Amino acid sequence: MDSYEETHETWNRMAKLYEEVFMDLDIYNASYDQFCELIGTEEAAILEIGCGPGNITKYLSKQQPSYKILTTDVAPNMIALAQKNVPNATFKILDIRQLHTLKKLFHGVIIGFALPYISKEDTIQLFKNVYEKLYSEGILYISFVAGNYKDSGFIIGSSGDRSYFYYHHIDAITEALLSQGFIIKRHLEVPYKKRNDTTEIHTILILQK
Ligand SMILES: C[S@@+](CC[C@H](N)C(=O)[O-])C[C@H]1O[C@@H](n2cnc3c(N)ncnc32)[C@H](O)[C@@H]1O
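Residues numbered from 1 in each chain as written. Predicted model: local features only at pLDDT ≥ 70, side-chain atom pairs only at ≥ 80, totals over all residues. Heavy atoms only, no water.

Per an unreviewed UniProt entry, the protein chain goes by Methyltransferase domain-containing protein and derives from Dokdonia pacifica.

Written out as structure tokens, the structure is:
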């Protein structure tokens, strides 16, 4: 099994636990509001990638009931939870690396903390694919844990399940986005208190095509 497969299986097994801990976390809500403000259009077509139990889609559809949201994740159990949590969205099991297979265009694409589970090569390809799937002036939201790529590796949960976690260097991410043609509209850093009482900085970039 390669590291991607193992990571995807871990997420599938951890779906319920993730929902219990993160479904109602509100520390990123202000950044979702900024994403919506930049989109502007009321009946916007939105794509969420790596949706988990649907926490972001749930927030967006509450704030902007007219959005038409396609909500995707690689883990079937995450999609099942998201369907239960936000019945009015549309759902699809989709690996982030298969984005090019979607036929539609979107006014906004939101990717909350899925970048930590793809390599830098796949991240560069992702930005190319997202660019092609956005309407002119469409908005992209990404969040990730900035750090040294060399520190990436397997992390082991309390259950013994492993997932491969990628740290992405902020300069490498920024350069890949700019060379793709994106314009940076917002750069936010949100402190996140971990269970062991240390604080991790979560980086959010909101960009325009
Ligand atoms: C940390 S959770 C984030 C959930 C939610 N977006 C949030 O911000 O709270 C990461 C999610 O990315 C999904 N994921 C990991 N690798 C993926 C891939 N290759 N394609 C699509 N989703 C992936 C996992 O299944 C999981 O639901």
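What follows picks up the thread again.
**Some points on unusual backbone geometry**
For Phe-113, which is not glycine, the phi dihedral falls at a positive 55°. With respect to the helices and strands, the residue Phe-113 is situated in the loop between β4 (106-112) and α5 (120-133). (Helix = DSSP H or I, 4+ residues; strand = E, 2+ residues; numbered from the N terminus.)

**Details of the packing of aromatic side chains**
Taken as a whole and assessed by the stated rule, the structure comprises 14 aromatic pairs. Taken together, a centroid distance of 6.4 Å and an interplanar angle of 35° make the contact between Phe-22 and Tyr-192 tilted. Residue Phe-22 is located in helix α1 (residues 3-22), and its partner Tyr-192 is located in strand β8 (residues 183-193); the two are separated by 170 residues in the primary sequence. Positioned above the aromatic ring of Tyr-4, the side-chain terminus of Arg-97 is 3.9 Å from the ring centre. Above the face of the Tyr-131 ring, Lys-209 is positioned so that its terminal group lies 4.7 Å from the ring centre. (Phe/Tyr/Trp six-rings, centres within 6.5 Å; stacked < 30°, edge-to-face > 60°. Lys NZ or Arg CZ within 6 Å of the ring centre and 35° of its normal.)

**Some remarks on helix α6 (residues 170-180)**
Considered for burial, the residues of α6 that qualify are Ile-173, Thr-174, Ala-176 and Leu-177. Viewed end-on, α6 has its buried residues packed into an arc of 165°, placing them on one side of the element. Facing away from the buried side of α6 by over 90 degrees, the exposed positions are Asp-171, Glu-175 and Ser-179. Buried residues along α6 sit in contact with α5, β5 (134-144), β8 and β9 (199-208). Just past α6, the residue Gly-181 takes up positive phi, approximately 115°. (Buried < 20%, exposed > 50% of the residue type's maximum accessible area, 1.4 Å probe, protein only. Arc of directions from axis to C-beta. Contact = heavy atoms within 4.5 Å.)

**Looking at the side chain of Asn-55**
By secondary structure assignment, the location of Asn-55 is in helix α3 (residues 55-63). Among all residues touching Asn-55, those that are not within four sequence positions of it are Phe-22 and Met-23.

**Considering the UniProt feature "domain: Methyltransferase" (unreviewed entry) in the protein chain**
UniProt's feature table lists "domain: Methyltransferase" (unreviewed entry) at residues 46-138, given in the numbering used throughout. Between the end C-alpha atoms of residues 46-138 there is a gap of 10 Å, over a span that is 35% helix and 28% strand. (UniProt positions renumbered as here; feature names shortened; annotations may be inferred.)

**Some points on the site of the ligand**
In the vicinity of the ligand there are 19 residues, among which Tyr-18, Gly-50, Asn-55, Asp-73 and Ile-96 approach most closely. At a separation of 3.2 Å, a nitrogen atom of the ligand approaches a polar side-chain atom of His-8. The contact in question runs from an oxygen atom of the ligand to an N or O atom on the side chain of Tyr-18, over 2.7 Å. Contact with the protein chains covers 97% of the free accessible surface of the ligand, which is 600 Å². (Near = heavy atom within 4 Å. Polar contact = N/O pair within 3.5 Å; in protein donor to acceptor, adjacent residues only side chain to side chain. Areas by Shrake-Rupley, 256 points an atom, 1.4 Å probe, with all protein chains shown as cover.)

**Quick word on the pattern of salt bridges**
Summed over all chains, the structure comprises 7 salt bridges. Between Lys-84 and Glu-19 there is a salt bridge, with its nearest N and O atoms 2.9 Å apart. Of this pair, Lys-84 sits in helix α4 (residues 76-85) while Glu-19 sits in helix α1, and the two are 65 residues apart along the sequence. Exposure remark for Lys-84: the relative accessible area of 48% places this residue in the partly exposed category. Under the relative-accessibility criterion, Glu-19 is labelled buried at 8%. Residue Lys-68 is joined to Glu-43 by a salt bridge in which the shortest nitrogen-to-oxygen separation is 3.6 Å. On the criterion of sequence distance, the pair formed by Lys-68 in strand β2 (residues 68-73) and Glu-43 in the loop between α2 (29-39) and β1 (45-49) is long-range, its members being 25 residues apart. (Salt bridge = Lys/Arg side-chain N within 4 Å of Asp/Glu carboxyl O.)

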